[in-house]
Protein chains: 2
Amino acid sequence: MVKHIFFDIDDTLFPTSEFAELARRKAIRAMVEMGLEESQEKIYAILLKVIEEKGPNYPNQFDEVCKKLKVREPAKYVAAAVGAYHAAKTAIQPYAEVPGTLLKLRDEGYKLYIASNGTSVKQWDKLILLGISLFFEDVFISESVGEEKSEHFFRSVIKRIGAKPEECAMVGDKPSIDTIPAKKAGMKTIRVLLGKHKGEKGKANAEITNFAQLPKILKKL
Amino acid sequence: MVKHIFFDIDDTLFPTSEFAELARRKAIRAMVEMGLEESQEKIYAILLKVIEEKGPNYPNQFDEVCKKLKVREPAKYVAAAVGAYHAAKTAIQPYAEVPGTLLKLRDEGYKLYIASNGTSVKQWDKLILLGISLFFEDVFISESVGEEKSEHFFRSVIKRIGAKPEECAMVGDKPSIDTIPAKKAGMKTIRVLLGKHKGEKGKANAEITNFAQLPKILKKL
């Protein structure tokens, strides 16, 4: 019987990609509002190119965009973009059913945990902004655990909470780092069919398209 | 006759120190809300010590606070603190009379400029958050100009806007970098008696305690 449930964060608890695009659009709008004389579509295309070249976590994306556009005094456009981007990013919200479902699962006696790849402060920041950080018994972020999600990662966190693998379930959207290694570690697996990985292959014990389906499905595992 | 008016930003257009303290208090409150078992007063005292040791622009203030408090897993407290701190810092507002007075001065035909020490993106970010960034003909930040405010700085920006020193006024709160060097450069000077520098010595052509006094005073200079 499942007693402990581990959750991924990005695209499992909230629509990461949607918010990222919204934040980028708002940043570009702010640059134009500040007087940059380019079409928003052109700037967006350049930004996507920068992200492709430098990776999505490159910290000076908007400086680079200004450089490519040969802007002479970029500070005001960078400030406008970063401010608008950050404001949008701090307005992230969970999928609508997430907070209620997590509380219901707690009421039913399950212990909830986070198992997520990423840097600790950044992932904690998301949990806090989503308003759900206090719902979890413990939070396991790859940076703090010392390795990214893998069969070994899951075996090690299961040991740390003093549980048996078959008492644990992993809920996540990306088969290669969520359901596949969790299954290898002996856990039950539930795949969230949302976000950019929903088309990928990978079997799980159950699949959901809406968080509210979780309590019923857990009882059948 | 004054035609061009230069403004400092911090403690001239908005109460910098007040917002900084508010942001620190909110950050500490968020750490305790996240479960840190210390009194807010004790954490605040430690934060002030960190700022004294590392300087006010040290980027890892809250990591350092957790270290001094020997917190074992600091990520969640750091995330909570940084998020709350940033939210408070992005809620800065100008002194209540500032936007209306700036618009009035524009209507009366004055050209407005910023002359501020600091890094370009950070100072632009403040102008944008204050909602006044589009009021100025040009913005001169020390990082972009290539030197901090001094007689030479003022002579050089006056040349850049194609004006004569006696047509220019400088409005600022800190004598040593605002009114004193501006006076040496031949400008009219108006001192804002607000914020932490209000007790310092330094003569100016006029002193104000409220931005709304500015239009009348400028006519008498």
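Not measured: the values here are computed from a predicted model. (Residues numbered from 1 in each chain as written. Chains lettered and ligands numbered in written order. Predicted model: local features only at pLDDT ≥ 70, side-chain atom pairs only at ≥ 80, totals over all residues. Heavy atoms only, no water.)

**Student:** An account of the overall build of chain A is needed here, citing residue identities and associated values.
**Tutor:** Counting its regular elements, chain A contains ten helices and six strands. Overall size of chain A, expressed as C-alpha extent along the three principal axes, is 65 × 30 × 30 Å. Counting the 221 residues in chain A, one finds 49% classified as buried. Partitioning the intrachain contacts of chain A with sequence separation of at least 6 by distance along the chain shows that 61% fall at a separation of at least 24. As displayed, chain A offers around 10,900 Å² of accessible surface, 51% of which is attributable to carbon and sulfur atoms. (Helix = DSSP H or I, 4+ residues; strand = E, 2+ residues; numbered from the N terminus. Buried < 20%, exposed > 50% of the residue type's maximum accessible area, 1.4 Å probe, protein only. Contact = heavy atoms within 4.5 Å. Areas by Shrake-Rupley, 256 points an atom, 1.4 Å probe, with all protein chains shown as cover.)

**Student:** Summarise the pairing of strand β4 (residues 168–172) of chain A; cite the residues concerned and give the values.
**Tutor:** Residues and elements named next belong to chain A. Taking burial as the measure, the five residues of β4 include five buried ones, the bulk of the element. Alternating residues of β4 divide into C168, M170 and G172 and A169 and V171, and every residue in both groups is buried. Two elements, strand β1 (residues 4–7) and β4, share four bridges in a ladder whose sense is parallel. Pairing of F6 across the sheet is with M170, part of β4. As paired strands, β4 and strand β5 (residues 188–192) are joined by four bridges and run parallel to one another. From the neighbouring strand, V171 faces β5, where its bridge partner is I190. (Pairing = 2+ DSSP bridges.)

**Student:** Outline the domain arrangement of chain A, listing residues and values.
**Tutor:** Residues and elements named next belong to chain A. Taken domain by domain, chain A comprises domain 1 (4–15 + 93–220) and domain 2 (17–89). Centre-to-centre separation of domain 1 and domain 2, based on C-alpha positions: 32 Å. Contacts between domain 1 and domain 2 engage seven residues on the former and five residues on the latter. Considering only the surface of domain 1 that becomes buried against domain 2, P15, Q93 and K122 emerge as the three largest contributors, covering 67% of it. For the pair domain 1 and domain 2, the interface holds zero salt bridges. Counting across the interface, domain 1 meets domain 2 through four residue pairs in polar contact (both at pLDDT 80 or more). For the side of domain 1 that touches domain 2, the residue count by class is three nonpolar, one polar and three charged. (Domains from an automatic or database assignment. Buried area = accessible area lost by both parts, 1.4 Å probe. Salt bridge = Lys/Arg side-chain N within 4 Å of Asp/Glu carboxyl O. Polar contact = N/O pair within 3.5 Å; in protein donor to acceptor, adjacent residues only side chain to side chain. Nonpolar A, V, L, I, M, F, W, Y, C, P; charged D, E, K, R; others polar.)

**Student:** Describe in detail the relation of the copies chain A and chain B, supporting the description with residues and values.
**Tutor:** Overlaying chain A with chain B gives an RMSD of 0.0 Å, the required rotation being 180 degrees about an axis along which the chain moves by 0.0 Å. On this basis, the relationship between the two copies can be described by a two-fold rotation axis. No C-alpha of chain A lies nearer the rotation axis than that of A87(A), which sits 4.4 Å from it. (Least-squares fit on C-alpha atoms with pLDDT ≥ 70 in both.)

**Student:** Hey, could you go over the packing of aromatic side chains for me, with residue numbers and the actual values?
**Tutor:** Overall, the coordinates contain 16 aromatic pairs over all chains when judged by the stated rule. Measuring from centroid to centroid gives 4.9 Å for F6(B) and Y113(B), while their planes differ by 20 degrees, and the two rings are stacked. In this pair, F6(B) is assigned in strand β1 (residues 4–7) and Y113(B) in strand β2 (residues 111–116), connecting sequence segments 107 residues apart. As far as the burial class goes, F6(B) and Y113(B) line up, both buried. Three or more aromatic residues joined by ring pairs form one cluster here, namely F6(A), Y113(A) and F140(A). The lysine or arginine in question, R25(A), covers the ring of Y44(A), its NZ or CZ lying 3.7 Å from the ring centre. (Phe/Tyr/Trp six-rings, centres within 6.5 Å; stacked < 30°, edge-to-face > 60°. Lys NZ or Arg CZ within 6 Å of the ring centre and 35° of its normal.)

**Student:** Mind laying out the layout of surface pockets, listing which residues take part and the relevant values?
**Tutor:** The method is simple in principle: a probe with the dimensions of a water molecule rolls over the atoms, and the space it marks as empty is what remains. Size it by volume and the second largest pocket reaches roughly 370 Å³. Lining of the second largest pocket is provided by 18 residues; of these, W124(A), D138(A), V139(A), E73(B) and K76(B) occupy positions nearest its centre. Among the secondary structure elements, those contributing two or more residues to the lining of the second largest pocket are α6 (120–129) and β3 (138–141) of chain A together with α4 (75–89) of chain B. Its residues assigned to classes, the lining of the second largest pocket shows ten nonpolar, three polar and five charged. (1 Å grid on protein atoms, 1.4 Å probe; cavity = no way out; pocket = protein on both sides within 12 Å on 5 of 7 lines; lining within 4 Å. Points joined across faces, edges and corners; volume = space filled by probe spheres on them.)

**Student:** Tell me about the side chain of D173(B), and name the residues and values.
**Tutor:** Residues and elements named next belong to chain B. Tracing the backbone shows D173 in the loop between β4 (168–172) and α9 (179–184). No salt bridge is formed by the buried D173; its nearest oppositely charged neighbour, K149, is found at 6.5 Å. In contact with D173, other than residues within four places in its own chain, are D8, D10, D11, T12, D178, R191, V192, L194 and H197. (Lys, Arg positive; Asp, Glu negative; His and termini not counted.)

**Student:** Pulling in residues and values, what's your account of the sheet that holds strand β5 (residues 188–192) of chain B?
**Tutor:** Residues and elements named next belong to chain B. Across the sheet, six strands lie side by side as β3-β2-β1-β4-β5-β6; this open sheet has parallel pairing. Sheet topology places β3 (138–141) and β6 (206–208) at the edges, where each strand pairs with a single neighbour. Averaged over all pairs of adjacent strands, the angle between strand axes in this sheet comes to 20 degrees, irrespective of strand direction. Where β2 meets β3, four bridges bridge the pair, whose relative direction is parallel. For S116, the partnering residue across the bridge sits in β3 and is I141. Those strands touched by helix α6 (residues 120–129) are β2 and β3, and its axis lies near 135 degrees from that of β3. The strands that helix α8 (residues 151–160) touches are β1, β2, β3 and β4; relative to β3, the one it contacts most, it runs at about 155 degrees. (Axes fitted to C-alpha atoms, helices over the stretch in contact; angles between N-to-C directions.)

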